Amino acid sequence: MTRGRATVLAALGLTVFLAIWELMPALGVVPAQILPPPSALPRAFEREFSSGIWFASVLLSLRNYLAGLVIGCALGVGLGVATGMSVSFEAALSWVVRVLRPIPGLAWVPFAILWFGIDPAAAIFIIGVGVFWISYFAALGAVRAVDRDLIELADAFGFRRADQKLVKVILPAAAPGILAGLRTAVGQAWMAVVASEIFGVPGLGQRMMQASNLLASDIVVIYMATMAACYGIIDTGFVALQSRLLRWKR
Amino acid sequence: MIKLDRVGLSFPGDGAPTEVLKDFSLTVPAGRFVAIVGPSGVGKSTLLRVVAGLLSPNEGTVTINADRQDNPLPVVMVFQDARLLPWRKIEGNVGFGLEHGQVSAAARRERIHAALELVGLEGYGHRYPHELSGGQRQRVALARALAVDPDILLMDEPFAGLDAITRESLQDELSRIHAATGKTVLFVTHSIDEAVYLADEVVAIAGKPGRLAAAIPVAAPRPRTRGAPESAGIAAQLREQLAEPPAA
């Protein structure tokens, strides 16, 4: 399939989707309060935007998102690499990981409130926990998979210390796997944003919950679209960075 | 100079450890090209790794006498697979051993250039390994070893994965480089003909655990011609030493 044809088909698919969505409330299949038609959204967005709430919410959530993502991924990758390089360290952590790993992000909410209060720090904690495991397992797996022959090469060329091996061979060799994990984390963190704000930390998620309680479904859709747009922009940027870092790959 | 004195090495396994080398002694004087031949699994690669310091022997001693004391890497290894780092360009791969803080960036560039020239790959510095052929990659691996200017070059079947034509041209290249640089070379190979063509002395290892079966000097003058009658005699002698005893 040519690129142009694919674009036409994609645009057609989106148009059909929007048309069905528009027609459902218009034909009375569902009430407009339950499913606001796309044509009602620009006005809803204008109201939300002109009051300044939209911009403030986006900014607050973006801050929580970035802080949680960076802290969670840094700890996850750091610990994952360390665990991947040391068999004894992995053995020491194996049961701790088994105990903590299955706890879903939402289950940390009570502790987040206890430890940080109704504060952005609590939201950052929830987001961080979510991406920690993704980046931890990605880094652990990627470091484990590094070709032993390349590590022997580092030894043969005099790089015998662990930190030299890490910089010269392990990190660059594990980079594709680590970056693939980070990309998953970049997406997953947006889902955690909503969960992290449902208990009152201001931001997109909180605004969404308020709107949903007031049955203002058009506002809910506005924030859903906002989040999709934020994710789209950040993911595109990340993919560009990723392919720049991995330009040595065929 | 390399001196192995009654070296023994075994790997721990399930139950009894596997003995790979036993009571193995060998002296390689500085500047000499010694080839090691023998069947698979006889401990040839293990022997090189012992000399390289990648494995420690359980018994005996290994002495390496470097000609110069200031070189951080007096012994360097070329592997059977080129083992280039795929994320580095060719120049970065060739400069790998020069990153111990011993040479300035300018000197490093110079040595990378000189090493690439020595293996006939000038102008390839900015490519990535996957853009090169197998033979070219093996040349890069050789350049990487030569760039650190080691006293001793260890080569573990470096041409085994190459086609016959590339292999012969790399053999000639290595002969020329050895003549020009005077490095001590310990060269492991499966091929008796390759060993006889390249080396000043051919050492045959046989048996399990590996022991020295024969050490035969090759006196033919250089540059050598392939299939010269005197090499054929030495090759025949080596084949006899390495032949499996007929099954009873």
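Please read these numbers as outputs of a predicted model, since none were measured by experiment.

Participant: Got a sec to walk through the interface of chain B and chain A? Specific residues and values, please.
Facilitator: With 15 residues of chain B at the contact, the number on the chain A side is 11 residues. For the side of chain B that touches chain A, the per-class residue count stands at 11 nonpolar, 3 polar and 1 charged.

Participant: Describe the sheet that holds strand 6 (residues 152-156) of chain B, with residues and values.
Facilitator: Residue and element names in this part refer to chain B. Within the open sheet, the 6 strands sit side by side as 5-6-7-3-8-9. Their pairing is mixed. Because the sheet does not close on itself, it has two edges, and the strands there are strand 5 (75-78) and strand 9 (211-217). Strand after strand, the sheet turns through a mean of 20 degrees between neighbouring axes, direction not considered. Both strand 5 and strand 6 contribute to a ladder of 4 bridges, which runs parallel. Looking at the pairing, V76 lines up with L153 of strand 6. Running at roughly 180 degrees to strand 5, helix 4 (residues 134-147) makes contact with strand 5 and strand 6 of the sheet.

Participant: So what's going on with the domain arrangement of chain A? Which residues, and what values?
Facilitator: According to the domain assignment, chain A consists of domain 1 (1-35) and domain 2 (41-245). Here domain 1 of chain A and domain 2 of chain A have C-alpha centroids that lie 32 Å from each other.

Participant: Tell me about the packing of helix 8 (residues 162-197) of chain A against helix 10 (residues 217-245) of chain A, and name the residues and values.
Facilitator: Residue and element names in this part refer to chain A. Close contact between helix 8 and helix 10 brings their axes to 10 Å; oriented N to C, the two are set at 170 degrees. As the angle between them shows, helix 8 and helix 10 are arranged roughly antiparallel. Only M227, C230, Y231, I234, D235, F238, Q242 and L245 of helix 10 make contact with helix 8, whose side of the interface consists of A175, L179, R183, V186, G187 and W190. Along the lines of polarity and charge, the residues of the contact of helix 8 with helix 10 split into 10 nonpolar, 2 polar and 2 charged.

Conventions and cut-offs
Per chain, residues are indexed from 1 in the order of the written sequence. All chains are assigned letters beginning with A, and all ligands numbers beginning with 1, in the order in which they are written. Only residues with pLDDT of 70 or above have their local features reported here, since the model is predicted, and side-chain atom pairs are shown and tallied only from 80 upward, although totals for entire chains, interfaces and linings are computed over all residues. Contact between two residues is assigned whenever their backbone-derived C-beta positions fall within 7 Å. Residues are grouped as follows: nonpolar covers Ala, Val, Leu, Ile, Met, Phe, Trp, Tyr, Cys and Pro; charged covers Asp, Glu, Lys and Arg; every other residue, Gly included, is treated as polar. Should DSSP find at least two bridges between two strands, the strands are regarded as paired. Counting from the N terminus, the helices are the DSSP runs of H or I reaching at least four residues and the strands are the DSSP runs of E reaching at least two. Axes, fitted as lines to C-alpha atoms, cover a helix only where it is in contact. Angles between the N-to-C directions of the axes lie from 0 to 180 degrees. Each domain's extent is set by a domain assignment, obtained either automatically or from a database. Each angle is binned into one of four classes, with values under 35 degrees roughly parallel, values over 145 roughly antiparallel, values of 65 to 115 roughly perpendicular, and all other values oblique.

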